[in-house]
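# Summary of the model geometry
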Amino acid sequence: MLEVRIAVTAASSRIHLLLPLIVTCVFLSACSSSNRPIAEAPPAAVSTSPTEQTRQAPKNLSPPELKTVEAAVRRVFKDAAAIDNSRNPAFIAGDFNGDLSEDIAIVVKPVPEKIAEMNQEFPAWLLRDPFGSLASRSPRLAVTVSDQLLAIIHGYGDSGWRDPQATQTYLLKNAVGSGMETHSPKELVSANPGKPLPRLRGDTVGETIQGKTGYLYYADATYSWYDPNTFAGEPEPRRGHGDQKLKQ
């Protein structure tokens, strides 16, 4: 019995000695988790089957007006970019990333005197080329003075892209064409019967670029180009949840 009591006493002493260390580790782990940036999880893909019901639409908002769109551009780019009013239309609205909050796609041009700000090391937007290579060896994208760019500002809450907190923006190179229109997934299916389709999470930007008609669509952490005449399918997503293969 004496030996058992000694063993229990020794074990209890070790627990008391380790307890402060355990508490400290748990506290540091919690602090680390709270400070870690949280990446926005992309919404689940929208079924593009013609037989599916129309997906839920974001809150019905009035059509975008030039003054309000200009305010959104200043909110994101300050005075380094401006709406390209030579385009018609220069902007269209839609729920492009499928989060049920209205977004806006705007044709913008860099202000020549502010080109350095458009190429800052840590911009407030994500610069992407829907036609570019994703290989790590590809050169870093940069904005030039002559660029025509498509800025897609994602909405926030019921007010969508008009909300002061709506700042998540994708800035797309080589993505400005003619005849820019918003198309729902259902409209895309109807216009391209029998053709392979990408995984869609929301509305698409339909337009003609260099004589080819297609659609810009939100694909995970970027925007991609869908050409109904050349599209052969997408690689399977790396995630294990949230996406399903689409069937026509």
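Residues numbered from 1 in each chain as written. Predicted model: local features only at pLDDT ≥ 70, side-chain atom pairs only at ≥ 80, totals over all residues. Heavy atoms only, no water.

## Considering the nonpolar core
Grouped together as the largest cluster of nonpolar side chains are 22 residues, with contacts concentrated most on Val69, Phe77, Ile104, Ile106, Val108, Met118 and Leu171. At the level of elements, α2 (66-77), β1 (81-83), β3 (103-110) and β5 (149-153) are the ones that each hand at least two residues to this core. With five residues, α2 is the single largest residue contributor to this core. Ile92, Tyr170, Val176 and Tyr223 belong to the second-largest nonpolar core, a separate cluster that totals 17 residues. (Core = buried A, V, L, I, M, F, W, Y, C linked by side-chain atoms within 4.5 Å. Buried < 20%, exposed > 50% of the residue type's maximum accessible area, 1.4 Å probe, protein only. Helix = DSSP H or I, 4+ residues; strand = E, 2+ residues; numbered from the N terminus.)

## Considering the packing of aromatic side chains
What the rule picks out here adds up to seven aromatic pairs. Here Tyr170 and Tyr218 contribute two aromatic rings whose centre-to-centre distance is 6.0 Å and whose plane-to-plane angle is 75°, an arrangement assigned as edge-to-face. Pair noted here: Tyr170 is in strand β6 (residues 169-172) and Tyr218 is in strand β9 (residues 212-219), with a separation of 48 residues, a long-range link. By relative accessible area, which is 4% here, Tyr170 ends up buried. Taking relative accessible area as the criterion, Tyr218 reaches 4% and is therefore assigned buried. An aromatic cluster is defined as three or more aromatic residues linked by ring pairs; in this entry it consists of Tyr170, Tyr218 and Tyr223. (Phe/Tyr/Trp six-rings, centres within 6.5 Å; stacked < 30°, edge-to-face > 60°.)

## Observations concerning the sheet that holds β9
Strand order in this open sheet of four strands is β7-β8-β9-β10, and the pairing throughout is antiparallel. Taken across any chain shown, the strands that pair with only one partner, and hence form the sheet edges, are β7 (178-183) and β10 (222-226). Along the sheet, successive strands turn relative to each other by an average axial angle of 25°, direction set aside. Bridge count between strand β8 (residues 204-209) and β9: five bridges; the pairing is antiparallel. Each bridged residue has a counterpart across the sheet, and for Val205 the counterpart in β9 is Leu216. (Pairing = 2+ DSSP bridges. Axes fitted to C-alpha atoms, helices over the stretch in contact; angles between N-to-C directions.)

## A short note on the pattern of salt bridges
Across all of its chains, the model carries four salt bridges by this definition. Between Lys114 and Asp79 there is a salt bridge, with the nearest N and O atoms lying 3.7 Å from each other. On the criterion of sequence distance, the pair formed by Lys114 in the loop between β3 and α3 (115-118) and Asp79 in the loop between α2 and β1 is long-range, its members being 35 residues apart. By relative accessible area, Lys114 is classed as partly exposed at 26%. Asp79 gets classed as partly exposed once you look at its relative accessible area, which sits at 45%. (Salt bridge = Lys/Arg side-chain N within 4 Å of Asp/Glu carboxyl O.)

## A short note on the confidence of the model for the protein chain
Taken residue by residue, the protein chain gives an average pLDDT of 80. The fraction at 70 or more is 67%. Overall, residues 1-11 carries pLDDT values under 50, and its contacts beyond four positions in sequence, including any with other chains, amount to zero contacts. Note on residues 49-54: pLDDT under 50 across the span, and five contacts to partners over four residues away in sequence or across chains. (pLDDT = per-residue confidence, 0-100. Contact = heavy atoms within 4.5 Å.)

## With respect to the pairing of β3
Counting buried positions along β3 gives seven out of eight residues, so the element sits mostly inside the fold. Of the strand pairs in this sheet, β1 and β3 are connected by three bridges, and their pairing is antiparallel. Pairing of Ala81 across the sheet is with Pro110, part of β3. As paired strands, strand β2 (residues 91-94) and β3 are joined by four bridges and run antiparallel to one another. The residue bridging Gly94 from the neighbouring strand is Asp103, located in β3. Bridging between β3 and β5 involves five bridges; their strand directions are antiparallel. Among the inter-strand pairings, Val108 is bridged to a residue of β5, identified as Leu149.

## Some remarks on α2
When the terminal C-alpha atoms of α2 are compared, their 16 Å separation across 12 residues agrees well with the 16 Å that a helix rising 1.5 Å per residue should span. Residues Val69, Ala72, Val73, Arg75, Val76 and Phe77 constitute the buried set of α2. The arc that holds every buried residue of α2, seen down its axis, measures 165°, which confines them to one face. For α2, the secondary structure elements touched by its buried residues are β1, β2, β3, α3, β5 and β6. Among the residues trailing α2, Lys78 stands out with phi positive, at a value near 60°. (Expected span 1.5 Å × (residues − 1). Arc of directions from axis to C-beta.)

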